[in-house]
Every structure is written in structure tokens, then in C-alpha cells.
Amino acid sequence: ENAIRLSVKPTQVIEGEAVLVLKSNLIISKLKRPNRIIIGGGGNQRSEILELAIKHLSPDGIILIPLVTIEAINEVKAIFQANNILVFDNNRHKG
């Protein structure tokens, strides 16, 4: 659903408990180092999911995370900045 909404054609969609999938090395064995990762929010495991995704991402890759709350945005930005990753905020809210 996210892939269709974002107009992307994934090589593979891996569904499951994100932390378990990332720790299982399934992504490395199937996709080596993906250049795009879409994370569907992550809830209370967001930080761990993001840290694991960063380890798997290709050096020129992009991680997309649709977020709703300011707290979630700040949490994710801090992790990206700690890993020296450029953050683009595509905030479309005009309220």
C-alpha cells in the first residue's frame, strides 16, 4: 500500500516483525544493501528499527518514514543526526 501511494516499485517487500527481520539478516541475503527502505512508523520499536535499517542501507540510500507526532519526528531526527545522515523534512502540514 505504501509503495503504491509513494509511486515506487520495490524489488522485494519483506513483511513481518521489523526487528526480527532486520536481525535475521534476511535483508542482507536477499537484497544485499538496499538503496531505499520504507519503514511504516515502528511504534515503540522505532529507534531500534531505524538503527538496524541504517546498518543495512547502501551509502547513498534513502530511508522513508511517515511520522505523525512531533515526538516521533524529533526521535528520528536525533538518530539520523547521530549517524551523520542528512534529514529532509517533507512536512506538508500547513496549519
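Trainee: Just checking my understanding: could you explain the environment of Leu 67 for this structure?
Mentor: With respect to the helices and strands, the residue Leu 67 is situated in the loop between strand E2 (62-64) and helix H5 (70-82). A relative accessible area of 25% places Leu 67 in the partly exposed class. Each C-alpha atom of the pair Leu 67 and Gly 40 lies 8.5 Å from the other, and the pair is 27 residues apart in sequence.

Trainee: Please explain a nonpolar patch on the surface as it appears in this structure.
Mentor: Taken together, the side chains of Val 8, Ile 38 and Leu 64 make up a nonpolar region of the molecular surface, amounting to roughly 210 Å² of accessible area. What makes Leu 64 partly exposed here is its relative accessible area of 34%.

Trainee: What should I look at first to understand H5 in this one?
Mentor: Note on helix geometry: an α-helix contains 3.6 residues per turn, so any two residues three or four positions apart are oriented the same way. With 13 residues, H5 should cover 18 Å at 1.5 Å per step; its first-to-last C-alpha distance of 18 Å lies within 8% of that length. What H5 keeps buried is the set Ala 72, Val 76, Ile 79 and Phe 80. End-on, the buried residues of H5 take up no more than an arc of 100 degrees, which puts them together on one face. When the buried face of H5 is taken as reference, the exposed residues oriented beyond 90 degrees from it are Ile 70, Glu 71, Gln 81 and Ala 82. Lining the buried residues of H5 we find helix H4 (46-56) and E2. Looking one or two places after H5, you find Asn 84, whose phi comes out positive at around 55 degrees.

Reading guide: rules and limits
- Residues numbered from 1 in each chain as written.
- Predicted model: local features only at pLDDT ≥ 70, side-chain atom pairs only at ≥ 80, totals over all residues.
- Heavy atoms only, no water.
- Helix = DSSP H or I, 4+ residues; strand = E, 2+ residues; numbered from the N terminus.
- Buried < 20%, exposed > 50% of the residue type's maximum accessible area, 1.4 Å probe, protein only.
- Patch = residues over 30% accessible without salt bridge, like charges linked within 9 Å, V, L, I, M, F, W, Y side chains within 5 Å.
- Areas by Shrake-Rupley, 256 points an atom, 1.4 Å probe, with all protein chains shown as cover.
- Salt bridge = Lys/Arg side-chain N within 4 Å of Asp/Glu carboxyl O.
- Expected span 1.5 Å × (residues − 1).
- Arc of directions from axis to C-beta.
- Contact = heavy atoms within 4.5 Å.

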